[in-house]
Amino acid sequence: AQKITQTQPGMFVQEKEAVTLDCTYDTSDPSYGLFWYKQPSSGEMIFLIYQGSYDQQNATEGRYSLNFQKARKSANLVISASQLGDSAMYFCAMGSGAGSYQLTFGKGTKLSVIP
Amino acid sequence: NAGVTQTPKFRVLKTGQSMTLLCAQDMNHEYMYWYRQDPGMGLRLIHYSVGEGTTAKGEVPDGYNVSRLKKQNFLLGLESAAPSQTSVYFCASSYSRQGVGETQYFGPGTRLLVL
């Protein structure tokens with residue numbers, strides 16, 4: 001069975017600083033993908049970044065980067081130069097290659113950016 | 001290009017009433033999904049479809065039915081609503097499941113309150 005754990009219910013960061021949101025995962029499948037989604041207060045789910053289990057390099061998308069440590073089974077999201085608009089819930093999710101079609105989500109981390 | 005849309009945005013039902021949630025996507029995606037999101041939890045998959053005319057159960061299918069008569073539409077039905085079905089419902093779609101890197105794109109969500 002797949003499992004995603006986000007241990008930080010809430011985080012605060014000063015504007016313009018970097019912040020790391022933690023995500024650990026558990027799967028027995030050697031082929032899997034890790035996703036991060038942002039959910040602002042308006043409610044929509046916004047795709048941020050993806051990392052494949054066989055990718056050699058950590059994924060980056062603008063100010064977002066994924067710190068992928070396969071041996072530790074962690075896929076932490078790093079947001080550089082935080083902006084007020086980054087205040088939102090952030091969800092880590094995993095899809096496996098074992099014939100499962102669903103994404104398994106963590107419970108999320110609420111990020112608040114302080115001016 | 002509207003992406004994924006959901007109708008209605010908000011609905012209040014009485015226990016025992018029925019309703020249908022409509023999801024539409026204009027990205028020609030093969031795969032469509034229905035999730036529910038409850039407070040303090042991530043998203044959980046209710047049902048999904050891998051193509052027109054097909055449906056399958058996800059993690060929490062009880063009390064729901066789905067239909068995919070047209071490729072662009074995915075309907076979620078509640079035959080006899082219960083208070084436990086009070087939730088926010090998200091529809092998502094993806095182009096395919098070629099490997100694990102296929103991103104799911106989400107609709108804006110439907111807030112359902114069952115009294």
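For the structure given in this document, a descriptive report is provided here. (Residues numbered from 1 in each chain as written. Chains lettered and ligands numbered in written order. Predicted model: local features only at pLDDT ≥ 70, side-chain atom pairs only at ≥ 80, totals over all residues. Heavy atoms only, no water.)

Should the sulfur atoms of two cysteines be covalently bonded, the bond is a disulfide. Summed over the entire model, instances satisfying the criterion amount to 2 disulfides over all chains. For Cys23(A), the disulfide goes to Cys92(A), at an S-S distance of 2.0 Å. One quick way to see it: the torsion about the S-S bond of Cys23(A) and Cys92(A) is about -65°, and its sign makes the bridge left-handed. Here Cys92(A) lies in strand 10 (residues 88-96) and Cys23(A) lies in the loop between strand 3 (19-21) and strand 4 (24-26), a separation of 69 residues in the sequence. Side by side, Cys23(A) and Cys92(A) carry an identical accessibility label, which is buried. The disulfide partner of Cys23(B) is Cys91(B), and the gap between their sulfur atoms is 1.9 Å. (Disulfide = S-S within 2.5 Å. Helix = DSSP H or I, 4+ residues; strand = E, 2+ residues; numbered from the N terminus. Buried < 20%, exposed > 50% of the residue type's maximum accessible area, 1.4 Å probe, protein only.)

This part takes up the interface of chain A and chain B. At the junction of the two partners, chain A supplies 24 residues and chain B supplies 21 residues. Here chain A packs against chain B, burying approximately 1800 Å² in sum over the two surfaces, 60% of which is carbon and sulfur. Applying the counting criterion to the chain A and chain B interface returns 0 salt bridges. Elements that contribute at least two residues to the side of chain A that touches chain B include exactly strand 5 (32-39), strand 6 (46-52) and strand 10 of chain A. Ranked by residue count, the leading element in the side of chain A that touches chain B is strand 5 of chain A, at 5 residues. For the side of chain A that touches chain B, the class distribution of residues is 11 nonpolar, 11 polar and 2 charged. (Contact = heavy atoms within 4.5 Å. Buried area = accessible area lost by both parts, 1.4 Å probe. Salt bridge = Lys/Arg side-chain N within 4 Å of Asp/Glu carboxyl O. Nonpolar A, V, L, I, M, F, W, Y, C, P; charged D, E, K, R; others polar.)

The subject of this paragraph is the sheet that holds strand 8 (residues 73-78) of chain B. All names here are of chain B. Spatial strand order, 1-3-8-7: 4 strands in an open sheet with antiparallel pairing. Every interior strand has two partners, whereas the edge strands, strand 1 (4-7) and strand 7 (65-67), have only one. Between one strand axis and the next, the sheet turns by 20° as a mean value, whatever way the strands run. By the bridge criterion, 6 bridges tie strand 3 (residues 19-25) to strand 8 in an arrangement that is antiparallel. Within the sheet, the bridge partner assigned to Met19 lies in strand 8 and is Leu78. (Pairing = 2+ DSSP bridges. Axes fitted to C-alpha atoms, helices over the stretch in contact; angles between N-to-C directions.)

Another aspect to go through is the pairing of strand 1 of chain B. Residues and elements named next belong to chain B. Going residue by residue along strand 1, you find Val4 and Gln6 tucked away on one face and Thr5 and Thr7 left uncovered on the opposite face. Judged from the 4 bridges that link them, strand 1 and strand 3 form a sheet pairing that is antiparallel. Bridged to Thr7 within strand 3 is Leu22.

A word on the nonpolar core. Counting residues in each nonpolar core, the largest one holds 24 residues, and the members touching the most others are Tyr25(A), Leu34(A), Trp36(A), Ile49(A), Leu77(A), Tyr90(A) and Leu111(A). Counting residues per element, the ones that place at least two in this core are strand 3, strand 5, strand 6, strand 8 (64-69), strand 9 (74-79), strand 10 and strand 12 (109-114) of chain A. Element by element, the count of residues in this core is highest for strand 10 of chain A, at 4 residues. Excluding its chain neighbours within four sequence positions, the residues that come into contact with Leu77(A) are Val19(A), Thr20(A), Leu21(A), Trp36(A), Leu48(A), Ile49(A), Tyr64(A), Ser65(A) and Tyr90(A). Of all hydrophobic cores here, the second largest spans 19 residues; its members include Cys23(B), Trp34(B), Phe74(B) and Leu112(B). (Core = buried A, V, L, I, M, F, W, Y, C linked by side-chain atoms within 4.5 Å.)

Attention now moves to the layout of surface pockets. Its boundaries defined by the atoms lining it, the largest pocket holds a volume of some 440 Å³. Around the largest pocket sit 26 residues that line it, and Gln39(A), Gly43(A), Gln37(B), Val88(B) and Arg111(B) are the ones nearest its centre. Listed by contribution, the elements that provide at least two residues to the lining of the largest pocket are strand 10 and strand 12 of chain A together with strand 9 (87-94) and strand 11 (110-114) of chain B. The computed volume of the second largest pocket comes to approximately 310 Å³. What lines the second largest pocket is a set of 16 residues, and nearest its centre among them are Ile4(A), Thr104(A), Phe105(A), Gly106(A) and Lys107(A). Contributions of two or more residues to the lining of the second largest pocket are made by strand 1 (3-5) and strand 11 (104-105) of chain A together with strand 5 (43-49) of chain B. Per element, the largest residue contribution to the lining of the second largest pocket is 3 residues, and it comes from strand 1 of chain A. (1 Å grid on protein atoms, 1.4 Å probe; cavity = no way out; pocket = protein on both sides within 12 Å on 5 of 7 lines; lining within 4 Å. Points joined across faces, edges and corners; volume = space filled by probe spheres on them.)

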